[in-house]
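Spelled out, the chains give:
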Amino acid sequence: MLDFLKELPKVELHAHLNGSLSISTLRDLGEKVYGENTEEFLELCARFIKFDRNSKLEECFEKFAFVHELTSTEKGLRYATEFAIRDFAQDNVQYVELRTTPKANSHYTRREYLHYVVESIRSAQTKYPKIMVKLLASINRAEPVAVAEETVSLALEFAKTDGDIVVGIDLSGNPARGKFSDFIPALRSAREQGLKLAIHCAEIENPSEIKEMLAFGMSRCGHGTYLSKDDLTHMKRHNIPVECCLTSNVKSGTVSSYEEHHLKQLMEAEAPKVLCTDDSGVFDTTLSMEFHLATQTFGLNRSQCIELTKEAVHHSFASSEEKQKMLIKLEEFLKRNP
Ligand SMILES: [Zn+2]
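Below, the structure is looked at part by part. (Residues numbered from 1 in each chain as written. Predicted model: local features only at pLDDT ≥ 70, side-chain atom pairs only at ≥ 80, totals over all residues. Heavy atoms only, no water.)

This paragraph deals with the packing of helix H5 (residues 74-90) against helix H6 (residues 110-127). It is the contact of H5 with H6, at a shortest axis distance of 9 Å, that shows an interaxial angle of 40°. The orientation of H5 with respect to H6, classified from their angle, is oblique. The handedness of the crossing between H5 and H6 comes out as right-handed. Contact residues: Glu74, Leu77, Arg78, Thr81, Glu82 and Ile85 in H5; Tyr113, Tyr116, Val117, Glu119, Ser120, Ile121, Ala124 and Lys127 in H6. (Axes fitted to C-alpha atoms, helices over the stretch in contact; angles between N-to-C directions. Helix = DSSP H or I, 4+ residues; strand = E, 2+ residues; numbered from the N terminus. Parallel < 35°, antiparallel > 145°, perpendicular 65-115°, else oblique. Left-handed = near helix turned anticlockwise from the far one by under 90°. Contact = heavy atoms within 4.5 Å.)

Spelled out as structure tokens, the structure:
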């Protein structure tokens, strides 16, 4: 089964750029940024030794600190983008929507940040032609609304010149911080001007915010852990898929075990859903492994995995021609694996 899943031309719709860098990829990145045999690089490698598959959650998040450091320059950011795409391509992901919060520091502005990421996506597409890549600009809800407004206006600006790559806005960040209603004007303006919205929703128990988010609407819902039965009916009626990230939810503790993951309720309710990794590097997983977990935990068979992939094609922010291309790749795969 795992071989079948590894070969399956998968579709990844919920992947944070920084979180998608594994320890071995961070090592590759460190080598590029600091240079081989430099003191900084050797020091970085020494700090990596303690991480393994059973790393505790705090250690998982410690990895973010390295990412922050390694992507704080133009060179680091460009390589980080390329390596994230390389890793998805190696897992036979045929389409990925990366999301990232445009950042500003002494090396780049938010506009330059987006520019480097978009350019790096373009060059990675030439290097890894089998994978199609799109970008969502993330709003971090823990940051001020003014930053969200800037992110939306930059995304709209890039959508004019690089509309084949920049397709939407993501709302993410610590769900206990920030008020959703404060971000509504920025999100509405993005949507009215053609950007798609993927919103982290119902990650924690907060029924009034969930209601507000569902009333506002979204193209896709990130996590949806605390959606009620009525909410699921709403998702089904409005054809809004929940982006399910099994390992991320269990490792970060919002879901107590794989068996209790809400993917089960979504399948029973026949509500729209897609399987995603969230932060494959932080949580040490791949999309193939997430599918494998779903087959092992919920008994999904091969054709259900194909159907889930078709659902992901349908809910992606790709153009209809691009969706057609993805479905053809799936058909070709099915011919080879009847
Ligand atoms: Zn996420």
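To continue, consider the pairing of strand E2 (residues 93-100). Taken across its 8 residues, E2 has 8 buried, putting it largely inside the fold. Of the pairings in the sheet, the one linking strand E1 (residues 10-16) to E2 comprises 5 bridges and is parallel in character. Residue pairing across strands places Glu12 opposite Val96, the latter belonging to E2. Relative to strand E3 (residues 132-140), E2 is paired through 6 bridges, and the arrangement is parallel. Looking across to E3, one finds that Val96 is bridged to Val133. (Buried < 20%, exposed > 50% of the residue type's maximum accessible area, 1.4 Å probe, protein only. Pairing = 2+ DSSP bridges.)

The zinc ion binds to the protein through His14 (NE2), His16 (NE2), His200 (NE2) and Asp278 (OD); the donor distances cover 2.1 to 2.2 Å. Bound by 4 donor atoms, the zinc ion shows angles of 82 to 165° at the metal and therefore irregular coordination geometry. All donor residues of the zinc ion come from one chain, and their arrangement in sequence is H-x1-H-x183-H-x77-D. Taken together, the positions of His16 in strand E1 and Asp278 in the loop between strand E8 (273-275) and helix H13 (287-298) put the pair 262 residues apart, joining distant regions of the chain. Here the two residues His16 and Asp278 agree in accessibility, since each one is buried. (Donors = N, O, S within 2.8 Å, 3.2 Å for Na, K, Ca; no water. Tetrahedral: all angles 85-135°; square planar, octahedral: opposite > 155°, others 65-115°.)

Another aspect to go through is unusual backbone geometry. Excluding glycine, residues mostly carry a negative phi; peptide bonds, for their part, are mostly trans. At Ala202, a position not held by glycine, the phi torsion is positive, near 60°. Note on placement: Ala202 falls in the loop between strand E5 (196-201) and helix H9 (207-216). Overall, the relative accessible area of 4% leaves Ala202 in the buried class.

This brings us to the packing of helix H14 (residues 302-315) against helix H15 (residues 320-336). H15 packs onto H14 with a crossing angle of 165° between their chain directions and a minimal axis gap of 9 Å. On the basis of their axis angle, the class for H14 and H15 is roughly antiparallel. Both H14 and H15 take part in a crossing whose hand is right-handed. Every residue of H15 that contacts H14 at Ile306, Thr309, Lys310, Val313 and His314 is listed here: Lys323, Met326, Leu327, Leu330, Glu331, Phe333 and Leu334. Here the residues of the contact of H14 with H15 sort into 7 nonpolar, 2 polar and 3 charged. (Nonpolar A, V, L, I, M, F, W, Y, C, P; charged D, E, K, R; others polar.)

To continue, consider the environment of Asn206. Among the secondary structure elements, Asn206 is positioned in the loop between E5 and H9. The sequence separation of Asn206 and Ala176 amounts to 30 residues, and the corresponding C-alpha distance is 9.2 Å.

Strand order in this open sheet of 8 strands is E1-E2-E3-E4-E5-E6-E7-E8, and the pairing throughout is parallel. Looking at strand neighbours, the two that pair on one side only are E1 and E8, the edges of this open sheet. Strand-to-strand twist across the sheet, computed as the mean angle between neighbouring axes with direction ignored, equals 25°. Strand direction decides the pairing type here: strand E4 (residues 166-172) and E5, joined by 4 bridges, are parallel. Residue pairing across strands places Asp170 opposite Ala198, the latter belonging to E5. Most of the contacts of H6 go to E3, to which it runs at about 160°, and overall it touches E2, E3 and E4. The strands that H15 touches are E1, E2 and E3; relative to E2, the one it contacts most, it runs at about 135°.

Attention now goes to the packing of aromatic side chains. The geometry of an aromatic ring pair comes down to the distance between the two centres and the angle between the two planes. All told, the structure shown has 5 aromatic pairs when counted by the stated rule. Ring geometry for Phe4 versus Phe333: centroids 5.2 Å apart, planes at 55°, classification tilted. Of the two residues, Phe4 sits in helix H1 (residues 2-7) while Phe333 sits in helix H15, which places them 329 residues apart along the sequence. Summarising the burial analysis for this pair, Phe4 and Phe333 share the class buried. (Phe/Tyr/Trp six-rings, centres within 6.5 Å; stacked < 30°, edge-to-face > 60°.)

As a further point, take the layout of surface pockets. Think of a ball as big as a water molecule: rolled over the atoms, this probe shows where empty space is left. The volume enclosed by the largest pocket comes to roughly 720 Å³. Lining the largest pocket are 30 residues, and of these His16, Phe64, Ser172, Gly173 and Asp279 lie nearest its centre. Mapped onto the lining of the largest pocket, the elements with two or more residues apiece are helix H4 (57-70), E2, E3 and helix H11 (246-251). By residue number, the principal contributor to the lining of the largest pocket is H4, which donates 4 residues. (1 Å grid on protein atoms, 1.4 Å probe; cavity = no way out; pocket = protein on both sides within 12 Å on 5 of 7 lines; lining within 4 Å. Points joined across faces, edges and corners; volume = space filled by probe spheres on them.)

These results come straight from atomic positions and should not be treated as a statement about function.
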